[in-house]
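A look at the structure
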Amino acid sequence: MKKALLITPPTELWVREDRCQGPIERNLFAVIRPPLRLAQAAAILENAGYQCRINDYPAEKKSWIDFENDLKLFDPDCLFISTVFKTRSFDFEACRIAKAHNKNMLTVMKGAPQGDDLNALQECADLDIFITREMDASLLDIAAQKDLDKIKGITYRNNGHIVINPKSPFNKDLDSLPFLARHLLKNNLYARPDTGEPMTV
């Protein structure tokens with residue numbers, strides 16, 4: 001069984017959602033949100049037969065050393081990173097460390113800003129694939145090891161060249177998507193500021 005490690009790299013606390021990005025201040029009104037993009041990706045990969053783990057290093061107050069140890073212990077075949085522009089240099093560092101551990105590990109990134117995928121691959125030689133739009137079909141095809149040139153909605157590296165594939169269509173059948181892999185989230189990390197209860201279970 002192939003393994004996938006899905007992470008928020010060890011950076012400052014940030015909201016990493018497409019439409020809402022920004023630093024999180026630890027005060028009464030600050031909320032550390034669960035990484036739902038990672039949970040969505042994990043659900044897709046689990047359906048494709050992968051063993052998945054989600055690690056939210058900032059929420060868990062863990063370091064790059066912890067990340068390196070997790071790579072050694074879990075030894076994933078694929079690293080999936082949720083990114084935002086302001087943290088991207090650190091997110092690239094996760095790709096570099098992953099490739100140093102296993103040069104054949106597939107490194108995949110999804111996030112914002114959309115349309116900056118070419119720059120991402122130009123800046124980070126250790127990033128293999130940037131998913132440019134909805135990831136349900138794209139990630140499923142990646143997991144199935146289909147030819148990358150046939151997968152819509154990705155930008156990828158091919159023999160030293162960066163290739164931008166056509167955009168993927170929006171999925172209008174939302175009922176076809178798997179439920180988020182909330183069982184992989186450490187729900188106690190994501191508490192409501194008013195009650196202290198977990199936001200998701």
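Report on the accompanying structure. (Residues numbered from 1 in each chain as written. Predicted model: local features only at pLDDT ≥ 70, side-chain atom pairs only at ≥ 80, totals over all residues. Heavy atoms only, no water.)

1. Considerations on helix α6 (residues 136-143)
Put simply, the rule is: Working definition: with a 1.4 Å probe on protein chains only, accessible area under 20% of the residue-type maximum means buried, over 50% means exposed, and in between means partly exposed. For the purposes of this entry, the term helix denotes a DSSP run of H or I that reaches at least four residues, the term strand denotes a run of E that reaches at least two, and both are numbered from the N terminus. For this analysis, residues touch if any pair of their heavy atoms sits within 4.5 Å.
Extensive coverage of α6 is indicated by the burial of six of its eight residues. Those residues of α6 not exposed but buried are Asp 136, Ser 138, Leu 139, Asp 141, Ile 142 and Ala 143. Its buried side turned inward, α6 meets α1 (36-47), β5 (78-83), β6 (106-111), β7 (129-131) and β8 (154-158). Downstream of α6 by one or two residues, Gln 145 has phi in the positive range, about 60 degrees.

2. Side note on the nonpolar core
Quick note on the threshold: The definition of a nonpolar core used throughout is a set of buried Ala, Val, Leu, Ile, Met, Phe, Trp, Tyr and Cys residues joined through side-chain atoms within 4.5 Å.
Residues Leu 6, Leu 45, Cys 52, Ile 54, Phe 80, Ile 131 and Leu 139 are the most contacted members of the largest nonpolar core, which totals 27 residues. Of all the elements, α1 adds the most residues to this core, at seven residues. Residues in contact with Leu 45, not counting those within four places in the same chain, are Ala 4, Leu 6, Tyr 50, Cys 52, Leu 139 and Ala 143. Judged by nonpolar contacts, the second largest core, of 20 residues, contains Phe 92, Met 109, Ala 120 and Phe 130.

3. Details of the state of the cysteines
The cut-off we apply is this: Disulfides are defined in this document as cysteine sulfur pairs within 2.5 Å.
Scanning all chains against the criterion turns up zero disulfides. Cys 52 forms no disulfide, and the closest cysteine sulfur to it belongs to Cys 78, at a distance of 8.4 Å. With no disulfide of its own, Cys 95 has Cys 124 as its nearest cysteine by sulfur position, at a separation of 4.5 Å.

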